[in-house]
Amino acid sequence: MRMWQMSEETISLSELKQLQLERLQSTLNRVYNNVEFYNKVFNKYNITPDDIKSLEDIKKLPFTTKQDLRDNYPYGMFAVPLKDIVRIHSSSGTTGKPTVVGYTKRDLETWKNLVARIMVAGGVSKEDIVHIAFTYGLFTGGFGLHYGAEHIGASVIPVSSGNTRRQIMIMQDYRSTVLICTPSYALHIAETLESMEISKNDLHLKYGLLGSEPWGEKIRNEIEAKLGIIATDNYGLSEIIGPGVSGECLYKNGLHINEDHFYVEVIDPDTGEVLPEGEKGELVITTLTKEAMPLIRYRTRDITRIYRDNCKCGRTFIKMEKPSGRTDDMIIVNGVNIFPSQVEEALKEIEHTTPHFMIYVKKKGALDMMEIHLEVSENLFFDEMKRQKEILDQITDRLFNYLGIKPKVKLVEPKSLERFEGKAKRVVDERHQ
Ligand SMILES: [Zn+2]
């Protein structure tokens, strides 16, 4: 089995624990001295980095949440001065403001090596022509995988997203061998091929590295059969680094976590208690080498379990299962993270709307479709069509600005949506995983 960084990826457990502890202690010292947020938190809990003498001691430290990142928007969580930051990305926040992440030069070096590990684990080599159909932009997916693939020495085609027929022409003519996108987009490509009456044998694809949204074995089998590829899953989140946190090897039996750079725990999401290996709960990650924005015990909100096995590929890193859900109300629509609270925030200042809305997520072919039903005031609902159309356009534009995707919006009569006692149910997810 090929590996990108063999000595790291096959490290013994005792060496790994020692390395993790050294890196954890150095990270704690850096955040304590350089990040006001952590300095205050540690003082509040009456802890100094010297109190953490073993990996188990990490339990003494409080969690970091997405809300903490939001409270310190935009640069408050950075542990280095802005002049040392060479790249900025962001992800959707729970409300209007996004979460900002930064990278130093060394962070970018680390990042491309971690992505290269996952790509090599998924079958990619320097001989490959890598077709990246993730959106290039503030989202970490496109650039993250791009630099990893280049680092391996593969030929990279930065197609970005959209225009599926053109993507297929490029795949055919440029002889792409690796496809990188979300699982639902891979399936959409497969269906478009069928409608164009192009056989998978007219393409040259061998591997697919698919991620950014949950997907099951049924979808994997369908993608593999229709595109004639081996499809592996990989996982990451921009707060931690982006893609490169973990990925499957060709045995497709759990995602190897890059443990020398990330310390992982699984907790009970209600009590915060650390669960034994093998039990299902919320994944919590501590970065061990990040310079620009180290995070201590970051609550990912993803539900999974972690376990060690003797993987036939030879990698010794702990594995995680594909995440099976979330502990918050985030939904993933075509790989884009959406919080219902963002919709609420976007609609807040629009005239003639009420706070009552419902989000429907459905499948339209292989892709996801988001439809928002929004109650409007009586006078608008019975107003002339032209006026309604103006408001509808205004709402759709505003949602696009907040969410990064364009939902279908339907204005509905006042008091027509269901009312809830207590927490409102905002999402009806009609997709089947
Ligand atoms: Zn493996």
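Up top is the structure these notes are about.
First, a word on scope: everything that follows refers to the structure included in this document.

The rules we used
Residues numbered from 1 in each chain as written. Predicted model: local features only at pLDDT ≥ 70, side-chain atom pairs only at ≥ 80, totals over all residues. Heavy atoms only, no water. 1 Å grid on protein atoms, 1.4 Å probe; cavity = no way out; pocket = protein on both sides within 12 Å on 5 of 7 lines; lining within 4 Å. Points joined across faces, edges and corners; volume = space filled by probe spheres on them. Helix = DSSP H or I, 4+ residues; strand = E, 2+ residues; numbered from the N terminus. Nonpolar A, V, L, I, M, F, W, Y, C, P; charged D, E, K, R; others polar. Buried < 20%, exposed > 50% of the residue type's maximum accessible area, 1.4 Å probe, protein only. Pairing = 2+ DSSP bridges. Core = buried A, V, L, I, M, F, W, Y, C linked by side-chain atoms within 4.5 Å. Contact = heavy atoms within 4.5 Å. Polar contact = N/O pair within 3.5 Å; in protein donor to acceptor, adjacent residues only side chain to side chain. Donors = N, O, S within 2.8 Å, 3.2 Å for Na, K, Ca; no water. Tetrahedral: all angles 85-135°; square planar, octahedral: opposite > 155°, others 65-115°. Phe/Tyr/Trp six-rings, centres within 6.5 Å; stacked < 30°, edge-to-face > 60°. Arc of directions from axis to C-beta. Axes fitted to C-alpha atoms, helices over the stretch in contact; angles between N-to-C directions. Parallel < 35°, antiparallel > 145°, perpendicular 65-115°, else oblique. Patch = residues over 30% accessible without salt bridge, like charges linked within 9 Å, V, L, I, M, F, W, Y side chains within 5 Å. Areas by Shrake-Rupley, 256 points an atom, 1.4 Å probe, with all protein chains shown as cover. Salt bridge = Lys/Arg side-chain N within 4 Å of Asp/Glu carboxyl O.

Rolling a probe over the atoms, with the probe sized like a water molecule, indicates the empty space that remains. Space inside the second largest pocket adds up to approximately 300 Å³. Around the second largest pocket, the lining is made up of 18 residues, and of these Tyr263, Val264, Glu265, Val274 and Glu277 lie nearest the centre. Contributing elements (two or more residues each) for the lining of the second largest pocket: helix H2 (13–34) and strand S10 (262–267). By residue number, the principal contributor to the lining of the second largest pocket is S10, which donates four residues. Split into classes, the residues belonging to the lining of the second largest pocket amount to 10 nonpolar, one polar and seven charged.

What follows concerns the pairing of strand S8 (residues 242–248). Among the seven residues of S8, seven are classified as buried, and the element is accordingly described as predominantly covered. Note that strand S7 (residues 230–237) and S8 share four bridges and pair antiparallel. From the neighbouring strand, Tyr235 faces S8, where its bridge partner is Ser246. Count of turn residues in the S7/S8 antiparallel hairpin: four residues. For S8 and strand S9 (residues 255–257), the ladder comprises three bridges, and the chain directions are antiparallel. The residue bridging Gly247 from the neighbouring strand is His256, located in S9. Taking the residues that link successive antiparallel strands as the turn, the S8-S9 hairpin has six residues, and the phi of Lys252 there is positive, at about 50°.

Membership of the largest hydrophobic core comes to 66 residues, with the highest contact counts inside it found for Tyr38, Met119, Val130 and Ile180. Of all the elements, helix H5 (residues 105–121) adds the most residues to this core, at seven residues. Setting aside residues up to four positions removed in sequence, Val130 forms contacts with Met119, Val124, Ala149, Ala154, Ser155, Val156, Ile157, Val178 and Ile180. Grouped together as the second largest cluster of nonpolar side chains are 23 residues, Ile338, Ile359, Leu380 and Ile391 included.

Inspection of the secondary structure puts Arg117 in helix H5. Side chain to side chain, Arg117 and Asp260 meet in a polar contact 2.8 Å long. With sequence-adjacent residues up to four places away left out, Arg117 is seen in contact with Trp4, Gln5, Glu8, Glu9, Asn258, Asp260, His261 and Phe317.

Coordination sphere of the zinc ion, protein contribution only: Cys249 (SG), His256 (NE2), Cys311 (SG) and Cys313 (SG), at 2.1 to 2.3 Å. One can describe the donor arrangement at the zinc ion as tetrahedral, given that its four donor atoms subtend angles of 102 to 116° at the metal. Each donor residue of the zinc ion belongs to the same chain, with the gaps between them written as C-x6-H-x54-C-x1-C. With His256 in strand S9 and Cys313 in the loop between strand S13 (306–307) and strand S14 (319–320), this residue pair connects regions lying 57 residues apart in the sequence.

In this structure, Tyr73 sits in the loop between helix H4 (66–71) and strand S1 (87–91). Residues Tyr73 and Thr99 lie 26 residues apart in sequence; the distance between their C-alpha atoms is 6.9 Å. Residues in contact with Tyr73, not counting those within four places in the same chain, are Lys97, Pro98 and Val100.

The next thing to look at is the packing of aromatic side chains. According to the stated counting rule, one finds nine aromatic pairs in the structure shown. Judged by centre distance (5.1 Å) and plane angle (70°), the ring pair of Tyr136 and Phe143 falls under edge-to-face. Among the residues examined, Phe143 registers a relative accessible area of 26% and is labelled partly exposed. Between Phe381 and Phe382, the ring centres sit 5.3 Å apart and the planes meet at 85°, which makes this aromatic pair edge-to-face. What makes Phe382 exposed here is its relative accessible area of 57%.

Burial in helix H10 (residues 340–347) covers these residues: Pro340, Gln342, Val343, Ala346 and Leu347. In an axial view of H10, the angular spread of the buried residues amounts to 155°, which keeps them on one side of the axis. Where H10 is buried, its residues touch strand S17 (336–338), strand S18 (353–364), strand S19 (367–376), helix H12 (385–403) and strand S21 (427–429).

The next thing to look at is unusual backbone geometry. Comment: phi is negative for the bulk of residues other than glycine, and the bulk of peptide bonds are trans. The omega torsion across Tyr73 and Pro74 is -10°, close enough to zero to call that bond cis. The phi angle at Asn163 is positive, at roughly 50°, despite the residue not being glycine. Relative to the assigned elements, Asn163 resides in the loop between strand S4 (155–157) and helix H7 (164–173). Unlike most non-glycine residues, Arg297 shows phi in positive territory, near 50°. As for its placement among the helices and strands, Arg297 is situated in the loop between strand S11 (281–287) and strand S12 (298–304).

This part takes up the packing of H5 against helix H6 (residues 140–152). In the contact formed by H5 and H6, the axes pass within 8 Å of each other and the chain directions differ by 75°. Classified by the angle between their axes, H5 and H6 sit roughly perpendicular to one another. From H5, Trp111, Lys112, Asn113, Val115, Ala116, Met119 and Val120 reach across to H6, where they touch Thr140, Gly144, Leu145, Tyr147, Gly148, Ala149, His151 and Ile152. When the residues that make up the contact of H5 with H6 are grouped by side-chain class, the tally is nine nonpolar, five polar and one charged.

A word on a nonpolar patch on the surface. Nonpolar side chains collect at one region of the surface, where Tyr75, Leu82 and Ile88 lie side by side and expose about 250 Å² of accessible area between them. Within the secondary structure layout, Leu82 lies in the loop between H4 and S1.

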